[in-house]
Amino acid sequence: MHDKLKPRSRRDIPAVGKVLDALGHYDLPRPVIVDLVRRELAAQRRSSNVGTFPELIARIRSALAELRRTRLHPVINGTGIIIHTNLGRAPMSADTAQAVAQIASNYSNLELDVASGQRGSRGSYLEQNLATLCQAEAATVVNNCAAALVLIARHFAIPGREVIISRGELVQIGGGFRIGEILESAGIKLREVGATNRTSISDYAKAITKNTALILSVHRSNFFMEGFVESAAPKEIAQLARKKRVPFVVDLGSGLLAPMEGMSDVDLEPTPAEMFKCGADLLCFSGDKLFGGPQAGIIAGKKRFVAALKRDPLFRALRCDKLCLAALQSTVDLHLTNSISEIPALALVRVSKDELRARAANIITRLRGLPAQINVGRGSVKSGGGTLPKAVLSSVSIDIVPEDFSVNEFAARLRAASPPIIGHIASGCFKFDLRTIFPEQDDLVVDAIRSACTNNA
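Parameters and conventions
- Residue numbers here run from 1 along each chain, matching the order of that chain's written sequence.
- Selection of residues for local features in this predicted model requires a pLDDT of at least 70, selection of side-chain atom pairs for listing and counting requires 80 or more, and totals for whole chains, interfaces and linings are taken over all residues.
- Here the side-chain values reflect all heavy atoms present in the structure, with hydrogen atoms and water set aside.
- Only when DSSP finds a minimum of two bridges between them are two strands counted as paired.
- Strands are runs of DSSP state E lasting at least 2 residues, helices are runs of H or I lasting at least 4, and numbering of each runs from the N terminus.
- Lines are fitted to the C-alpha atoms to define the axes, a helix being fitted only along its stretch in contact, and any angle between axes, read from their N-to-C directions, falls within 0 to 180 degrees.
- Working rule for contacts: check all heavy atoms of both residues, and any pair within 4.5 Å makes them a contact.
- We call a residue buried when its accessible area falls under 20% of the maximum for its residue type, exposed when it is over 50%, and partly exposed in between, using a 1.4 Å probe and counting protein chains only.
- Here a crossing is taken to be left-handed if its near helix is turned anticlockwise relative to the far helix by less than a right angle, and right-handed if that turn runs clockwise.
- In this count, Pro and Cys sit with the nonpolar residues alongside Ala, Val, Leu, Ile, Met, Phe, Trp and Tyr, while Asp, Glu, Lys and Arg are called charged and the others, Gly among them, polar.
- Whenever Lys or Arg places a side-chain nitrogen within 4 Å of a carboxyl oxygen from Asp or Glu, that contact is recorded as a salt bridge.
- Only buried Ala, Val, Leu, Ile, Met, Phe, Trp, Tyr and Cys residues count toward a nonpolar core, and they belong to the same one when joined by side-chain atoms within 4.5 Å.
- Each Phe, Tyr or Trp ring (for Trp, its six-membered ring) is paired with any other whose centre lies within 6.5 Å, and the angle between the two planes then decides the class: stacked below 30 degrees, edge-to-face above 60, tilted in between.
- Consider the ring centre and the ring normal. A charge sits over the ring if Lys NZ or Arg CZ is within 6 Å of that centre and within 35 degrees of that normal.
- What the arc describes is the spread of directions from the helix axis to the C-beta atoms.

Novice: Summarise the sheet that holds strand β11 (residues 282-286); cite the residues concerned and give the values.
Specialist: Pairing within the open sheet is mixed, and its 7 strands lie in the order β4-β12-β11-β10-β8-β5-β6. The two strands at the open ends of the sheet, each matched to only one other strand, are β4 (138-142) and β6 (189-193). The sheet shows a mean angle of 25° between the axes of neighbouring strands, direction not considered. For strand β5 (residues 162-166) and β6, the ladder comprises 5 bridges, and the chain directions are parallel. Along β6, the bridge assignment pairs Glu-162 with Lys-189. Those strands touched by helix α10 (residues 234-244) are β8 (212-218) and β10 (248-253), and its axis lies near 150° from that of β10.

Novice: Mind laying out unusual backbone geometry, listing which residues take part and the relevant values?
Specialist: The peptide bond linking Ser-418 to Pro-419 adopts the cis configuration, its omega dihedral lying at 0°. Structurally, Pro-419 can be placed in the loop between α17 (407-415) and β15 (421-422). At Gln-135, a residue that is not glycine, the phi angle is positive and equals roughly 55°. Relative to the assigned elements, Gln-135 resides in the loop between α6 (124-134) and β4. Given the relative accessible area of 54%, Gln-135 is considered exposed. Positioned with a positive phi, Arg-245 is a non-glycine residue whose angle comes to about 60°. Assignment of secondary structure puts Arg-245 in the loop between α10 and β10.

Novice: Outline the packing of α6 against helix α14 (residues 322-336), listing residues and values.
Specialist: The geometry of α6 relative to α14 is characterised by a closest axis approach of 10 Å and an angle of 35° between their N-to-C directions. The chirality of how α6 crosses α14 is left-handed. Residues Tyr-125, Leu-126, Asn-129, Leu-130, Thr-132 and Leu-133 of α6 touch α14, and the partners they reach there are Leu-325, Leu-328, Gln-329, Val-332, Asp-333, His-335 and Leu-336. Per-class residue counts for the contact of α6 with α14 are 8 nonpolar, 4 polar and 1 charged.

Novice: Give a description of the pattern of salt bridges that names residues and reports values.
Specialist: Counting across every chain of the model gives 22 salt bridges. For Arg-68, the salt bridge goes to Asp-27, with nearest N and O atoms at 3.0 Å. With Arg-68 in helix α4 (residues 53-69) and Asp-27 in the loop between α2 (16-23) and α3 (30-46), this pair connects stretches of sequence that are 41 residues apart. With a shortest N-O distance of 3.8 Å, Lys-189 and Glu-162 are connected by a salt bridge. Pair noted here: Lys-189 is in strand β6 and Glu-162 is in strand β5, with a separation of 27 residues, a long-range link.

Novice: Before we move on, can you summarise the environment of Leu-149 with the specific residues and values?
Specialist: Mapping Leu-149 onto the fold places it in helix α7 (residues 145-156). Considered as a pair, Leu-149 and Arg-245 are 96 residues apart in the sequence and their alpha carbons are 20 Å apart. Aside from chain neighbours lying at most four places away, what touches Leu-149 is Ile-179, Leu-183, Leu-216, Asp-251 and Cys-284.

Novice: Lay out the nonpolar core with the relevant residues and their values.
Specialist: Counting 37 residues, the largest nonpolar core has Ile-215 and Leu-328 as the members making the most contacts within it. Ranked by the residues each element gives to this core, the list is headed by α6, at 5 residues. Membership of the second largest hydrophobic core comes to 31 residues, among which are Leu-183, Leu-190, Leu-214 and Val-218.

Novice: If you had to explain the packing of aromatic side chains to someone new, which residues and values would you point to?
Specialist: Counted by the stated rule, this structure contains 5 aromatic pairs. Ring centres 5.5 Å apart and planes at 80° place the aromatic pair Phe-410 and Phe-430 in the edge-to-face group. Of this pair, Phe-410 sits in helix α17 while Phe-430 sits in strand β17 (residues 429-433), placing them 20 residues apart in sequence. A relative accessible area of 1% means that Phe-430 is categorised as buried. Aromatic side chains Phe-430 and Phe-432 sit 6.4 Å apart centroid to centroid with 50° between the ring planes, which places their arrangement in the tilted category. There is no split in this pair, since Phe-430 and Phe-432 are both buried. In textbook terms, an aromatic cluster arises when at least three aromatic residues are bridged by ring pairs, as seen for Phe-405, Phe-410, Phe-430 and Phe-432. Above the plane of the ring of Phe-53 lies Lys-18, whose end atom (NZ or CZ) is 4.8 Å from the centre. The ring centre of Phe-305 lies 4.5 Å from the NZ or CZ of Arg-304, which sits over that ring.

Novice: How would you sum up the side chain of Ser-93? Please name residues and give values.
Specialist: Inspection of the secondary structure assignment puts Ser-93 in the loop between β1 (76-77) and α5 (94-104). Not counting residues up to four positions away in its chain, the partners in contact with Ser-93 are Leu-334, Glu-342 and Pro-344.

Novice: Give a description of α10 that names residues and reports values.
Specialist: For α10, the complete set of buried residues consists of Ile-237, Ala-238, Leu-240 and Ala-241. The buried residues of α10 occupy an angular sector of 165° when projected down its axis, which confines them to one face. Exposed positions of α10 whose direction lies more than 90 degrees from the buried face are Arg-242 and Lys-243. Considering only its buried residues, α10 is in contact with α9 (201-207), β8, β10 and α11 (272-278). Following α10 by one or two positions, Arg-245 has its phi on the positive side, about 60°.

Novice: Now, about the sheet that holds strand β13 (residues 372-381): what can you tell me, with residues and values included?
Specialist: Read from one edge to the other, the open sheet built from 4 strands follows the order β13-β14-β17-β16, with strand pairing classed as antiparallel. Pairing within the sheet leaves two strands with one partner each, and these edge strands are β13 and β16 (424-426). Sheet twist, expressed as the mean angle between neighbouring strand axes with direction ignored, is 40°. As judged from the 3 bridges shared by β16 and β17, these two strands associate in the antiparallel manner. Its bridge partner being in β17, His-424 is matched across the sheet by Lys-431. Sheet contacts for α17: β14 (393-402), β16 and β17; angle to β17, the most-contacted strand, approximately 35°.

Novice: Describe the pairing of strand β12 (residues 297-301), and please don't skip the residues or the numbers.
Specialist: For a regular strand, side chains alternate in direction, first toward one face of the sheet and then toward the other. The buried fraction of β12 amounts to 5 of the 5 residues, a majority that puts the element mostly inside the structure. Judged by which residues are buried, β12 turns out to be covered on both faces: Gly-297, Ile-299 and Gly-301 on one side and Ile-298 and Ala-300 on the other are all buried. Alignment of β4 against β12, held across 5 bridges, turns out to be antiparallel. In the strand pairing of β12, Val-141 is matched with Ile-298.

Here it is as structure tokens:
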């Protein structure tokens, strides 16, 4: 029994101070380390088998290492996926990072009218520029695109009213969340129309009643359908919505504003300006996907609708903080000044294969003599992040097969590097794509590969 330990066994459990002395220095807050040690010692007291002191220290070191790994820190993205959700989605520009740091480390005019000295409106400059960028009457922003969609739907779909949506657009987004379930969890009643593969304008027309709050169109940004399919054109839906006097709302998702040069099958990706020309009343999209900024839900459209949303009490709960606004403000300015090359998520697409080949050749030259087969390979880059599902861009990879241990072990060693290098395994070799690795990271990559190939620990 746990409560019948031998007295000697209990005496063998060391004091907290002795354990801390044995652990030495860790770059973690001391209270966190002390708490972890106390929990481990408490577990020992409940156990019928008290281990040795070295075993205890080893367990605690392992737990501390695991805790440290979960702390937010930079990684090198060699996956060939530009907008990688697991890796933080869109990396922001140096100018944007500097703008965020400047606002973060100082007081700001977040809600101050400097001219009058009175309370001002949050994000006025950003909202005006967003409207200009999207070619809309007005715009605003909340903390993510799902929040934007819930705010819009809840505002218009008061209890008893319905949101019309095609069955073919009830998509599942990241983390297992589904558009329909998100809306229904917010108390919104959905009226599904059409079939999974075919929804015509007549399906929308037949579904409209006096209880219809709005028509919602969700762009299939993370998958595509082929074969016996049909979708009503946005212009047709907009005309029907206008005739029936109900708002037409579009969830664009990815936030593409400019062509993705070099990527195939992206000409069908709609932009905000195109959707407004088709007659959309409101639309929303993500700030941290192809827009290239921070996590945010951008809302744009008719002025009266945007103003109404900003008066909704839910808007206060979903609004962005100063750091998000600073990052988004900087990103919007880059778009407006045609500084696309400064936005990493868009600039990575434009890097030439000649430049990638030159970097690959240099890296391989520096890795000669290692116990591994290292070659230049063919890469295939995707936009990722639930965007442009058909788009593919050819690229250049470094392919590695270690001689003394498995490819899986090699991948694990690179993930344990500082910073971790994330790639993928294909055709029996470890591959990392140079298009998603910034040139200034090449030295870190070379050092990590050398260490991984020669470290036998």
